Each structure stands twice: as C-alpha cells, then as structure tokens.
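# Residue-level structure breakdown
What follows is each chain in one-letter form.
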Amino acid sequence: MDVIRIKSTPPNRPKFTGVLKATRTDVQSLSAFYICSLYLIKRCSMADCTKEFNQFLAKIDLSKTKIENLKRGRDALREKITNYYKDNDKAIPDFCGQGSFKMKTTIIQKEEDYDLDDGVYLNNLPEDKNEWPKTEDVHTEIINAVNGHTDTPPEDKTACVRVQYKKDYHIDLAIYGTHENKFYLARKGNEQWEENDP
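The text that follows walks through the structure, step by step, so that each part is easy to find.

Another point: the side chain of Asp172. For Asp172, the position within the fold is in strand E7 (residues 169-179). What Asp172 contacts, discounting residues up to four positions off in sequence, is Asp115, Leu116, Asp117, Asp118, Cys160, Val161 and Arg162.

Taking 1.5 Å of rise per residue, 12 residues should cover 16 Å, and helix H6 (residues 135-146) covers 17 Å from first to last C-alpha, within 8% of that figure. Among the residues making up H6, those that are buried are Thr135, Val138, His139, Glu141, Ile142, Ile143, Ala145 and Val146. Downstream of H6 by a residue or two, Gly148 has a phi angle that is positive, lying close to 90 degrees.

What follows deals with the pairing of strand E8 (residues 182-187). Pairing between E7 and E8: 4 bridges, direction antiparallel. Directly across from Tyr176, in E8, lies its bridge partner Leu185. Counting the residues in the hairpin turn of E7 and E8 gives 2 residues, including Glu180, whose phi is positive at 50 degrees.

It is worth spelling out the pattern of salt bridges at this point. Under the criterion given, the structure shown has 8 salt bridges. Where Arg78 meets Asp118, a salt bridge forms, and the shortest distance between an N and an O atom there is 2.8 Å. Of this pair, Arg78 sits in helix H4 (residues 64-87) while Asp118 sits in strand E4 (residues 114-121), and the two are 40 residues apart along the sequence. Note that Lys166 is salt-bridged to Asp151, the shortest N-O span being 3.0 Å.

Another aspect to go through is unusual backbone geometry. Positive phi outside glycine occurs at Glu180, with the angle close to 50 degrees. Secondary-structure assignment places Glu180 in the loop between E7 and E8. By relative accessible area, which is 65% here, Glu180 ends up exposed. Its identity as a non-glycine residue notwithstanding, Asn181 has a phi of 65 degrees, on the positive side. Of note, Asn181 is situated in the loop between E7 and E8. For Asn181, a relative accessible area of 77% corresponds to the exposed category.

Quick notes on the rules
- Residues numbered from 1 in each chain as written.
- Predicted model: local features only at pLDDT ≥ 70, side-chain atom pairs only at ≥ 80, totals over all residues.
- Heavy atoms only, no water.
- Helix = DSSP H or I, 4+ residues; strand = E, 2+ residues; numbered from the N terminus.
- Contact = heavy atoms within 4.5 Å.
- Expected span 1.5 Å × (residues − 1).
- Buried < 20%, exposed > 50% of the residue type's maximum accessible area, 1.4 Å probe, protein only.
- Pairing = 2+ DSSP bridges.
- Salt bridge = Lys/Arg side-chain N within 4 Å of Asp/Glu carboxyl O.

What follows is the structure in structure tokens.
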C-alpha cells in the first residue's frame, strides 16, 4: 500500500496531517483523486476547498474534444479489425470497452497522455482450449489488422497491443478468448492464456 499524506492548516483551526492509504492503481484513477479531495474537505469542514478542487479537476479531467478523439479512434480500430477478419474469412470478434474510460474515470497523467482500453473477444478459437494458438500469434494477428492506422507502428506489449496517436493519446487492445463461460487474456510469455475478469 502507498501512503498519501495530506497536510492543511485551515483558518482558525489547529494544524493536522491526514493519512490515507491507497493502492498504486487507485492513485492513478480519478476516483482516488476524489477520495483524497473529499477526505481533506471532511477533515477541515470549516475550509472551503471548492475553488482549489475545481482547479485541480480541470487539469486532469478530459475535455469533450479529447473524449471524442478517443471514441473516434476506438471505432476506427474496431472497423479495421472487423474488416481484417472478414477479409480473411474468420469469425468477427466482439468488442467491449473496459478500464477507466468505461468507468468515466479517465484522467490526464503527468506526461499529458491519456488512453482508452478496448477488449477484443475472439470468436474464431477452437472449442478445445488446448488447441488455442500461442498468444504471441494472436497478438501478431491484431497487429496486422491495425498496422498502418497511425504513423506510429503498433506496439506489442505483454497484455495488449497499443496503438499510439499523435494527439497525445493511445488505445490499448486487450485480446480475450472465451471457454466455458470464462474469459482468458492473451498474455505473452509463460502465462499465455490467463484467466481474467475484464
């Protein structure tokens, strides 16, 4: 657990230090920032933190333009993947958003980069899970499907294929297979098909 220390001295109130524990993943989400802010407001109920909080939120929250960029990029990639599988006479995958964008908690990180996670659910895998292809081959297939969509070549990461856009955002394509009502993430390396609940 990481420890976040919040210090504040509101007018006519004794100085205090609040301590809030959160996981590293939580701190990277907008909800964690809300938690920190609300915790501070609760502890110094006589102080008006609205102005400071709104200024902070404006720095990390996505504008309507950025949200539209992400949606447009997502839809274009879904179309490219659909056409690739159709052209190769393979069952077209299903798609489902996941992560912070779906939960509406996407924020701009320090590097001024923001992202969207999209799940690609393959429908062309054999019924026998033991006959599924290596995850590296599945990653390559998705890379071939989206290659050339942006000026930057797709990045083959351990748990997804990343497509980088010029406008400071990227889209991560996580690839899944389904077997006996369970989802398996195509993770490169020793793990291979890892049971996962997206």
